[in-house]
Amino acid sequence: MVFKKMLSAFGVGGPSVDTVLTNPNTRPGLTLEGQVNLVGGDAPAAIEQVVIGLVTRVEVEGHDAEYSGTLEFHRMAVSGAFELAPKQQLSIPFQLPVPWETPITDVYGQRLHGMTMGLRTELAVARAVDKSDLDHVAVHPLPVHERILEAFQRLGFRFKHADLERGHIRGVQQTLPFYQEIEFFAAPQYASTIREVELTFVTSQRGVEVILECDKRGGFLSAGHDAFGRFQVSHADVDRVDWAQVVDGWLRETTSRYGSLLSQYGPSHGRGHGHGRGPGMGGMVAGAALGVAGGMIAGEMIEDAFEGDFGDFGGDE
């Protein structure tokens, strides 16, 4: 499958870029392959660098507000400096490693509502940088992710929404400056205890750390609150266990007294709608990686065309 985006980099008569992905579908830990095709303009051009980068939309919590912006979280130079002659055609192949923690955007071939991902091409000519439109990228789950997501469905949970939160989860080793939250409405058999569940995967080559945040209902003498659980699984476990039974055990442990204690003393992990706030929340956000190339651009939104309405994993209900 070939995906193309054209960029007329520097106006009429300037060089143009055609970024071609061999296949826009990938998984965490794999690669995106393709080529950057350049065509020279009317005059010679001194190309300083050609760079590709993965870009996504991230939610950021401020002191008084929450806003969205795009974040380039992984980039790679595909060329150094060279001279591009008038009308010269040049093809630069690339293999971009996809970080293990890259968030999932598609499940069962359907876009997760709330998720966007793209590959951006930058062409630097004579100290000017032009950024192309985004090439759509679809990040599919690894087998262990699929089994856990399937388990939630088998248990009767309904997908609500997914997004990325800027910051680090306290006590969890992250390489990216954000984490993904996949939100579910509680299944009927849990509805007396839980309103919603937020699921986070922090993936590495060794396995996956699974973080659950359960929005617990209040009792006769107690207020509702969030309970947290953290669980480690190996990629090798994917076909060794009954995942519905495992996830059910995680949920019951998280919402037990032990889980309630975790909500007070456990990972600093939560959203800006009043959940998860407490000691350490500021520390979590303050710990966000600040040196990510590309940085955060508030208000520069990825095209809405990337989003759609897709079945079970598609939209709010």
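Look a little higher up for the structure.
Remember, predicted model here, so these are calculated numbers, not experimental data.

**Thoughts on the nonpolar core**
1) Next: Counting residues in hydrophobic clusters, the biggest one holds 61 residues, and the most contacted among them are Ile148, Phe152, Phe157, Leu199 and Leu251.
2) Next: Considering each element in turn, this core owes the most residues, six residues, to strand S5 (residues 45-61).
3) Next: The contact partners of leucine 199, leaving out residues within four places of it in the chain, are Ile148, Leu149, Phe152, Gln180, Glu181, Ile182, Phe184, Val210, Ile211 and Leu212.
4) Next: Counting residues in each nonpolar core, the second largest holds five residues, with Ile169, Val172, Val202 and Ile211 among its members.

**Let's talk about the packing of aromatic side chains**
1) Next: According to the stated counting rule, one finds eight aromatic pairs in the structure shown.
2) Next: Between phenylalanine 157 and tyrosine 190, the ring centres sit 5.1 Å apart and the planes meet at 35°, which makes this aromatic pair tilted. Of this pair, phenylalanine 157 sits in the loop between helix H1 (143-154) and strand S15 (158-166) while tyrosine 190 sits in the loop between strand S16 (178-185) and strand S17 (194-203), and the two are 33 residues apart along the sequence.
3) Next: The exposure class assigned to phenylalanine 157 is buried, which follows from its relative accessible area of 3%.

**Some details on unusual backbone geometry**
1) Next: Within the chain, lysine 87 stands out as a residue other than glycine whose phi angle is a positive 65°.
2) Next: Position of lysine 87 among the secondary structure elements: in the loop between strand S7 (82-84) and strand S8 (89-97).
3) Next: Its identity as a non-glycine residue notwithstanding, tyrosine 108 has a phi of 55°, on the positive side.
4) Next: If you trace the backbone, tyrosine 108 turns up in the loop between strand S9 (106-107) and strand S10 (110-111).
5) Next: Exposure remark for tyrosine 108: the relative accessible area of 44% places this residue in the partly exposed category.

**Here's the deal with the side chain of serine 68**
1) Next: Looking at the secondary structure, you find serine 68 in strand S6 (residues 66-79).
2) Next: A residue is classified by how much of its surface remains accessible, and serine 68, at 19% relative accessible area, is buried.
3) Next: At 2.8 Å, the side chain of serine 68 and the side chain of glutamate 59 are in polar contact.

**Quick look at the packing of H1 against helix H2 (residues 243-254)**
The packing of two helices is summarised by the inter-axis angle and the distance between the axes.
1) Next: As a packed pair, H1 and H2 sit with axes 8 Å apart at the nearest point and diverge in direction by 75°. Considering the angle they form, H1 stands roughly perpendicular to H2. Where H1 approaches H2, its residues Val144, Arg147, Ile148, Ala151, Phe152 and Arg154 are matched on the opposing element by Trp243, Ala244, Val247, Trp250 and Leu251.
2) Next: Residues of the contact of H1 with H2, tallied by class, amount to nine nonpolar, no polar and two charged.

**Quick word on the pairing of strand S4 (residues 31-39)**
1) Next: Sheet topology note: the strand S2 (residues 16-21)/S4 ladder contains six bridges and is antiparallel. Of the residues in S4, the one forming a bridge with valine 17 is leucine 38.
2) Next: As paired strands, S4 and S8 are joined by nine bridges and run antiparallel to one another. Bridge assignment links asparagine 37 to a residue of S8, and that residue is serine 91.

Definitions and limits used
Residues numbered from 1 in each chain as written. Predicted model: local features only at pLDDT ≥ 70, side-chain atom pairs only at ≥ 80, totals over all residues. Heavy atoms only, no water. Core = buried A, V, L, I, M, F, W, Y, C linked by side-chain atoms within 4.5 Å. Buried < 20%, exposed > 50% of the residue type's maximum accessible area, 1.4 Å probe, protein only. Helix = DSSP H or I, 4+ residues; strand = E, 2+ residues; numbered from the N terminus. Contact = heavy atoms within 4.5 Å. Phe/Tyr/Trp six-rings, centres within 6.5 Å; stacked < 30°, edge-to-face > 60°. Polar contact = N/O pair within 3.5 Å; in protein donor to acceptor, adjacent residues only side chain to side chain. Axes fitted to C-alpha atoms, helices over the stretch in contact; angles between N-to-C directions. Parallel < 35°, antiparallel > 145°, perpendicular 65-115°, else oblique. Nonpolar A, V, L, I, M, F, W, Y, C, P; charged D, E, K, R; others polar. Pairing = 2+ DSSP bridges.

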